[in-house]
Amino acid sequence: MGNLIKAEFRKTTTTGLWWGLLIPTVLLALGWALGTGAIGKGIMDVVSSEEAEELTRLLGVDPAQWQVSLFGMARSINVATIFPMIFGGLAISNEINRRTITTTFLTAPTRVAALTAKLVVYVAWGAIYGIAIVAAVSIGIVITSDSGALPDPAGWLALAAVGVLSSILMTMFGVGVGALMTSVVGTTVVLILYMLIIENGIQLVLASQNLPEIIGFLPNGAVNGMTGSVASSLFLANAGVVPDELVDVMRAIAGALGAFDWWLSGLIFLVWTGLFFLGGWAATQRKDIT
């Protein structure tokens, strides 16, 4: 198994796909963090001003306790994990499409062993992308946010861990879709179209119909709910008194509208990932390698 894993790592590193997608991943994560951090700082400057002091006092809130950078971190991580998902989908579909997977199947003891090695390698790549995303987001947020708006070390570690986990799951989700479709172009189009356009449209409809709880069961809603739930929970835990009518607003800002606790959102997305991955696994197992 060790040799199979080494061979799979060598296969992915000898192409330019991993760094070709890692560079825009880091740039997108950094850009979103810089932008959301600057927006958060602007909001805090307004609510902390003398003009807003009377209103915040009447509401019983203390803006000095608002760690608004958490929202920017969650949103930036969510957006950037699109790339590891695409990486997983492109890597496996390209291998199947070009029949380079044939060599793997012919040299491995069994197809199960070959696919297990791929599973280990793609999980590792998901973690690598996740660490790069969290690092870029952290740098961007620190640059543009005031120190009082930053999470404490425990809060940062919690959000970072969930961010890496979501990157791993998104990578495996992409692998499953790519293994099922086998088309490089089709996999890319379907993943981007669904995650960025179709489901967001569905979420808007559900929110307008007062059915936000269904959002948490959808793939994108579930994976966004992982980081969003952690960010909103950390914010509310340190924000002091927050009016009940603002709690849902805070969760929506964090990307967790309709989402459940982070672990439950993770389990829901794990089910989606498992369905596509096992479906792709089964299809690959039956594939004719001649």
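Residues numbered from 1 in each chain as written. Predicted model: local features only at pLDDT ≥ 70, side-chain atom pairs only at ≥ 80, totals over all residues. Heavy atoms only, no water.

(A) Expanded view of the overall build of the protein chain. In terms of regular secondary structure, the protein chain is built from 12 helices and 0 strands. In the protein chain, the succession of helices and strands from N to C terminus is α-α-α-α-α-α-α-α-α-α-α-α. A burial count over the protein chain gives 49% of its 290 residues as buried. Restricting the contact set of the protein chain to residue pairs at least 6 apart, pairs at least 24 apart contribute 84%. For the protein chain, the accessible surface area stands at approximately 13400 Å², while carbon and sulfur atoms represent 70% of it. (Helix = DSSP H or I, 4+ residues; strand = E, 2+ residues; numbered from the N terminus. Buried < 20%, exposed > 50% of the residue type's maximum accessible area, 1.4 Å probe, protein only. Contact = heavy atoms within 4.5 Å. Areas by Shrake-Rupley, 256 points an atom, 1.4 Å probe, with all protein chains shown as cover.)

(B) Region of interest: empty space enclosed by the protein. Scanning all chains against the criterion turns up 1 cavity of 30 Å³ or more. Space inside the largest cavity adds up to approximately 110 Å³. Taken together, Ile92, Leu115, Lys118, Leu119, Tyr122, Met172, Val175, Ala179, Phe277, Gly280, Trp281 and Thr284 make up the lining of the largest cavity. Those elements that provide at least two residues to the lining of the largest cavity are helix 7 (111–144), helix 8 (153–181) and helix 12 (262–286). A class-by-class count of the residues in the lining of the largest cavity yields 9 nonpolar, 2 polar and 1 charged. (1 Å grid on protein atoms, 1.4 Å probe; cavity = no way out; pocket = protein on both sides within 12 Å on 5 of 7 lines; lining within 4 Å. Points joined across faces, edges and corners; volume = space filled by probe spheres on them. Nonpolar A, V, L, I, M, F, W, Y, C, P; charged D, E, K, R; others polar.)

(C) Focus on the pattern of salt bridges. The tally for this structure, following the rule as stated, stands at 1 salt bridge. Residue Glu95 is joined to Lys118 by a salt bridge in which the shortest nitrogen-to-oxygen separation is 2.6 Å. Here the residue Glu95 occupies a position in helix 5 (residues 82–97), and Lys118 occupies one in helix 7, the gap between them amounting to 23 residues. Since its relative accessible area comes to 3%, Lys118 is described here as buried. (Salt bridge = Lys/Arg side-chain N within 4 Å of Asp/Glu carboxyl O.)

(D) Looking closely at helix 1 (residues 2–13). Taking 1.5 Å of rise per residue, 12 residues should cover 16 Å, and helix 1 covers 17 Å from first to last C-alpha, within 8% of that figure. Buried residues of helix 1: Leu4, Ile5, Glu8 and Thr12, and no others. Within helix 1, the buried residues cover an arc of 100 degrees as seen down the axis, which keeps them to one side. Exposed positions of helix 1 whose direction lies more than 90 degrees from the buried face are Asn3, Lys6 and Arg10. (Expected span 1.5 Å × (residues − 1). Arc of directions from axis to C-beta.)

(E) Quick peek at the packing of helix 5 against helix 9 (residues 184–208). Between helix 5 and helix 9, the shortest axis-to-axis distance is 9 Å and the interhelical angle comes to 155 degrees. Overall, the two elements helix 5 and helix 9 adopt an arrangement that is roughly antiparallel. Viewed along their axes, helix 5 and helix 9 form a crossing whose handedness is right-handed. Taken together, the residues of helix 9 that come into contact with helix 5 (itself represented by Ile82, Met85, Ile86, Gly89, Leu90, Ser93 and Asn94) are Val184, Thr187, Thr188, Leu191, Ile192, Met195 and Leu196. Its residues placed into classes, the contact of helix 5 with helix 9 shows 9 nonpolar, 5 polar and no charged. (Axes fitted to C-alpha atoms, helices over the stretch in contact; angles between N-to-C directions. Parallel < 35°, antiparallel > 145°, perpendicular 65-115°, else oblique. Left-handed = near helix turned anticlockwise from the far one by under 90°.)

(F) Local environment of the environment of Ile214. Inspection of the secondary structure puts Ile214 in the loop between helix 9 and helix 10 (219–238). Relative accessible area serves as the criterion here: at 35%, Ile214 is assigned to the partly exposed category. Note: C-alpha distance between Ile214 and Ala259 (45 residues apart in sequence) is 8.3 Å.

(G) Broad picture of a nonpolar patch on the surface. On the surface, Val185, Val189, Ile192, Leu193, Leu196, Ile197, Ile198 and Ile202 cluster together to form a nonpolar patch covering roughly 660 Å² of accessible area. Inspection of the secondary structure puts Ile197 in helix 9. (Patch = residues over 30% accessible without salt bridge, like charges linked within 9 Å, V, L, I, M, F, W, Y side chains within 5 Å.)

(H) Summary view of unusual backbone geometry. With phi around 65 degrees, Thr182 is a residue other than glycine that occupies positive phi space. Its place among the elements puts Thr182 in the loop between helix 8 and helix 9. One non-glycine residue, Asn210, lies in positive phi territory at about 55 degrees. Owing to a relative accessible area of 63%, Asn210 belongs among the exposed residues under this scheme.

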